[in-house]
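Residue-level listing of the chains:
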Amino acid sequence: RLKQDKGSWYYGTNKLNIIAAMDFAYSTGKRSDYTSIVVVGMDAERRVYVLDVIRFQTKEIKEYYKQLLDVYRKWGFRKLIAETVAAQEAIVSELKSSYLRPNGIMLSVVEEKPNRHEGKKEERMKAVLDPIYMNNSVWHYRGGNCQILEDELIMEFPPHDDCKDALAHAVPHLSPPSRNASYSVQENIIYHPKFGGVVA
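Rules of the game
- Residues numbered from 1 in each chain as written.
- Predicted model: local features only at pLDDT ≥ 70, side-chain atom pairs only at ≥ 80, totals over all residues.
- Heavy atoms only, no water.
- Core = buried A, V, L, I, M, F, W, Y, C linked by side-chain atoms within 4.5 Å.
- Buried < 20%, exposed > 50% of the residue type's maximum accessible area, 1.4 Å probe, protein only.
- Helix = DSSP H or I, 4+ residues; strand = E, 2+ residues; numbered from the N terminus.
- Contact = heavy atoms within 4.5 Å.
- Axes fitted to C-alpha atoms, helices over the stretch in contact; angles between N-to-C directions.
- Parallel < 35°, antiparallel > 145°, perpendicular 65-115°, else oblique.
- Left-handed = near helix turned anticlockwise from the far one by under 90°.
- Nonpolar A, V, L, I, M, F, W, Y, C, P; charged D, E, K, R; others polar.
- Salt bridge = Lys/Arg side-chain N within 4 Å of Asp/Glu carboxyl O.

As a further point, take the nonpolar core. Where a protein is soluble and globular, its nonpolar side chains tend to be buried together. Ranked by internal contacts, the top residues of the largest apolar core, which has 32 residues, are Leu68 and Phe77. Ala21, Val40, Leu153 and Val171 belong to the second-largest nonpolar core, a separate cluster that totals 25 residues.

Here we take up the environment of glycine 12. In this structure, glycine 12 sits in the loop between strand 2 (8-11) and strand 3 (14-23). The class of glycine 12 is partly exposed, set by a relative accessible area of 24%. On a C-alpha basis, the gap between glycine 12 and arginine 1 in space is 5.0 Å, while along the polypeptide they are 11 residues apart. When residues no more than four places from it in sequence are discounted, the contact partners of glycine 12 are Arg1 and Lys3.

As a further point, take the packing of helix 3 (residues 121-134) against helix 5 (residues 162-170). The packing of two helices is summarised by the inter-axis angle and the distance between the axes. Two elements in contact, helix 3 and helix 5, have axes separated by 9 Å at closest approach and are oriented at 65°. Taken together, the axes of helix 3 and helix 5 are roughly perpendicular relative to one another. Two packed elements cross with a definite hand, and for helix 3 against helix 5 that hand is left-handed. Here Lys121, Glu122, Arg124, Met125, Val128, Leu129 and Tyr133 of helix 3 come into contact with helix 5, specifically with Lys164, Asp165, Leu167, Ala168 and His169. In the contact of helix 3 with helix 5, the residues fall into 6 nonpolar, 1 polar and 5 charged.

Before going further, it helps to spend a moment on helix 5. By the criterion of burial, helix 5 is predominantly enclosed, with 9 of the 9 residues buried. Where helix 5 is concerned, the buried positions are Asp162, Cys163, Lys164, Asp165, Ala166, Leu167, Ala168, His169 and Ala170.

It is worth spelling out the pattern of salt bridges at this point. Applying the stated rule across the entire model yields 10 salt bridges. Among the ionic pairs, lysine 74 bridges to aspartate 52, the shortest N-O distance being 3.2 Å. Here lysine 74 is found in helix 1 (residues 61-75), whereas its partner aspartate 52 is found in strand 5 (residues 48-56), with 22 residues between them in sequence. Assessed through its relative accessible area of 46%, lysine 74 is described here as partly exposed. Among the salt bridges present, the one from lysine 121 reaches aspartate 161, with a minimum N-O distance of 3.1 Å. Of this pair, lysine 121 sits in helix 3 while aspartate 161 sits in the loop between helix 4 (146-154) and helix 5, and the two are 40 residues apart along the sequence. Exposure remark for lysine 121: the relative accessible area of 36% places this residue in the partly exposed category.

Next up, the structure:
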């Protein structure tokens, strides 16, 4: 079972290193994209755990901060990956200067700017996500917005891909804890035909 002990998260006795990624959208129309925050962990066996998926629409900086603060307080991650292209760069800069630093939030924000050599967005996401899913090394939590993520992963042309994009930004930045600190035989896994497993 997932639990927290002395500031660290564990699945069973497997310690998880946890980070988050945030994919910003900045409009609120019916067809507008969503801002997504995906929290992921990795154990010593390099298994990836999708722990939380937050999804909302806003164009207010204070709402980005509120949503980020809620998930930060819940999981206690210390690193946030944020894509910064176009208006996203201004949003991240405002978040750091006007909200995170003044409120003493000890969060390292890693800004990513995809370049043309990485291919189109869909190609970049496939390059990151296909190998880990084909290896059955990803575990999802049950229900909630994780179902939206799964729909985005399965559909060829999903109406939105914000959760999938945030996950693709997070995965390359994951690192496993030391084997000595976290290795154990893992139980209570229900295997999923597409997504590796579901944490029971």
